[in-house]
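Per-entry structural report
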Amino acid sequence: MSVQLVALNSEEHRALRLRSLPTENRHFVEIMASEFAAAAASCPIFLVKNAETGAFYAGAMFGFKPGENLLSDENDSPPFRPLDQLREGFYVADSDIAIDVANPRFSENDGEPLFDMDGQPAEILRRMQRVLAGLVNGKPETEAFIATLLRLKLVESVDVTLKFDDGERLALQGLYTVSLDALQALDDAEVLELFRKGYLQLIYTMVGSLKQVSTLAHRRNRRLAQV
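The notes below deal with the structure included here. Note that the coordinates shown come from a computational prediction; the quantities given were computed from them, not determined experimentally. (Residues numbered from 1 in each chain as written. Predicted model: local features only at pLDDT ≥ 70, side-chain atom pairs only at ≥ 80, totals over all residues. Heavy atoms only, no water.)

Within the chain, the regular secondary structure consists of 7 helices and 11 strands. Across its three principal axes, the chain shows a C-alpha extent of roughly 60 × 50 × 30 Å. Expressed as a percentage of the 227 residues in the chain, the buried residues total 43%. Within the chain, contacts between residues separated by at least 24 positions form 71% of all contacts whose residues are at least 6 apart in sequence. As presented, the chain carries roughly 12,600 Å² of accessible surface, and 49% of it is formed by carbon and sulfur atoms. Computed over 24 positive and 33 negative side-chain charges, the inter-centroid distance for the chain is 4 Å. (Helix = DSSP H or I, 4+ residues; strand = E, 2+ residues; numbered from the N terminus. Buried < 20%, exposed > 50% of the residue type's maximum accessible area, 1.4 Å probe, protein only. Contact = heavy atoms within 4.5 Å. Areas by Shrake-Rupley, 256 points an atom, 1.4 Å probe, with all protein chains shown as cover. Lys, Arg positive; Asp, Glu negative; His and termini not counted. Charge placed at Lys NZ, Arg CZ, Asp CG, Glu CD.)

Here's what the structure looks like:
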């Protein structure tokens, strides 16, 4: 689907409204370090490599296959929605907010108005501004965290193999986490650096989130039983 970006402004888009966020079917979504704690409460966090650049980024896993979101069961409000989902249709272009005018979230007939009667940002747009700020500020912070993990050689690959009640076996590859063995082998100065930067908490949040793999597997088996 092509993206048609235009700068958002109150004159041209005074009548524009924003519909509710549709159900998201991406099974893996990039997240910022500031989102780790919220994500870990309901889904596993992994590092993966960007297919085009080879650079690592952090992501929350919602399902085991493309198009599978096991958190969206019957809930209208999933337990966790990343900033990258919440901002759907909105982008940052230099210092401006841009929108994809072709995105079905935008309408002139239904949804919440982006601007009030005076042409000032309405509450829904102010929330979106905070979401975009979280992404803009969170990107370099998260990249710095990952760069530190790589510099200290703490990143290790992890293979996830699962067998489901219908007999299907899935082997997930290309996933990475933090090696606790490598972490314990660091000298005191390096551990102190991680602590002072808040990285130790992020590391243990990532590692602790891996228990959510089995939670997602149970959700998938429940779905299979309902078919």
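Still to come is the rest of the account.
We now examine unusual backbone geometry. Both trends apply: most residues other than glycine have a negative phi, and most peptide bonds are in trans. In this structure, Asp 94 is a non-glycine residue whose phi angle is positive, near 55°. Relative to the assigned elements, Asp 94 resides in the loop between β6 (90–93) and β7 (96–100). Positive phi, normally seen in glycine, also occurs at Lys 153, with a value near 60°. According to the relative accessible area criterion, Lys 153 is exposed, its value standing at 67%.

Moving on: the packing of helix α3 (residues 123–151) against helix α6 (residues 199–209). It is at 11 Å that the axes of α3 and α6 come closest, and there the two elements cross at 80°. As summarised for this structure, α3 and α6 are arranged roughly perpendicular, according to the angle between their axes. Contacts between α3 and α6 involve Glu 141, Ala 144, Phe 145, Thr 148 and Leu 149 from the former and Tyr 199, Leu 202, Ile 203 and Met 206 from the latter. Here the residues of the contact of α3 with α6 sort into 7 nonpolar, 1 polar and 1 charged. (Axes fitted to C-alpha atoms, helices over the stretch in contact; angles between N-to-C directions. Parallel < 35°, antiparallel > 145°, perpendicular 65-115°, else oblique. Nonpolar A, V, L, I, M, F, W, Y, C, P; charged D, E, K, R; others polar.)

With that settled, consider the pattern of salt bridges. Under the counting rule described, the total for this entry stands at 13 salt bridges. One salt bridge connects Arg 126 with Glu 123, and the closest N-O pair in it is separated by 2.9 Å. With Arg 126 and Glu 123 both in helix α3 and 3 residues apart, this pair spans about one turn of that helix. We classify Arg 126 as partly exposed; its relative accessible area is 36%. Judged by relative accessible area, which is 33%, Glu 123 ranks as partly exposed. Notably, a salt bridge pairs Glu 168 with Arg 220, separated by 3.3 Å at the nearest N-O pair. Of the two residues, Glu 168 sits in the loop between β10 (155–163) and β11 (169–178) while Arg 220 sits in helix α7 (residues 212–226), which places them 52 residues apart along the sequence. A relative accessible area of 23% places Glu 168 in the partly exposed class. On the basis of relative accessible area, Arg 220 is assigned to the buried category, the value being 6%. (Salt bridge = Lys/Arg side-chain N within 4 Å of Asp/Glu carboxyl O.)

On the secondary structure map, Ser 107 appears in strand β8 (residues 106–107). With a relative accessible area of 6%, Ser 107 lands in the buried category. Within the local environment of Ser 107, its side chain forms a polar contact with the backbone nitrogen of Asn 109, the two atoms lying 2.9 Å apart. A polar contact of 3.3 Å, which involves the side chain of Ser 107, links it to the backbone nitrogen of Asp 110. The contacts of Ser 107, once residues within four sequence positions are left out, are Ala 15, Leu 16, Arg 17 and Arg 19. (Polar contact = N/O pair within 3.5 Å; in protein donor to acceptor, adjacent residues only side chain to side chain.)

The next thing to look at is the packing of aromatic side chains. If you walk through the whole model with that rule in mind, you get 7 aromatic pairs. Relative to Phe 164, the ring of Phe 64 has its centre 5.7 Å away and its plane inclined at 45°; by these criteria the two rings are tilted. Residue Phe 64 is found in the loop between β5 (56–61) and α2 (83–86), and its partner Phe 164 is found in the loop between β10 and β11; the two are separated by 100 residues along the sequence. With a relative accessible area of 5%, Phe 64 lands in the buried category. (Phe/Tyr/Trp six-rings, centres within 6.5 Å; stacked < 30°, edge-to-face > 60°.)

A separate point is the sheet that holds β7. Spatial strand order, β1-β7-β6: 3 strands in an open sheet with antiparallel pairing. Looking at the sheet topology across the chains shown, the edges are occupied by β1 (5–7) and β6. Strand-to-strand twist in this sheet, taken as the mean axis angle between neighbours without regard to direction, amounts to 40°. As defined by bridge partners, β1 adjoins β7 across 3 bridges and the pair is classed as antiparallel. (Pairing = 2+ DSSP bridges.)

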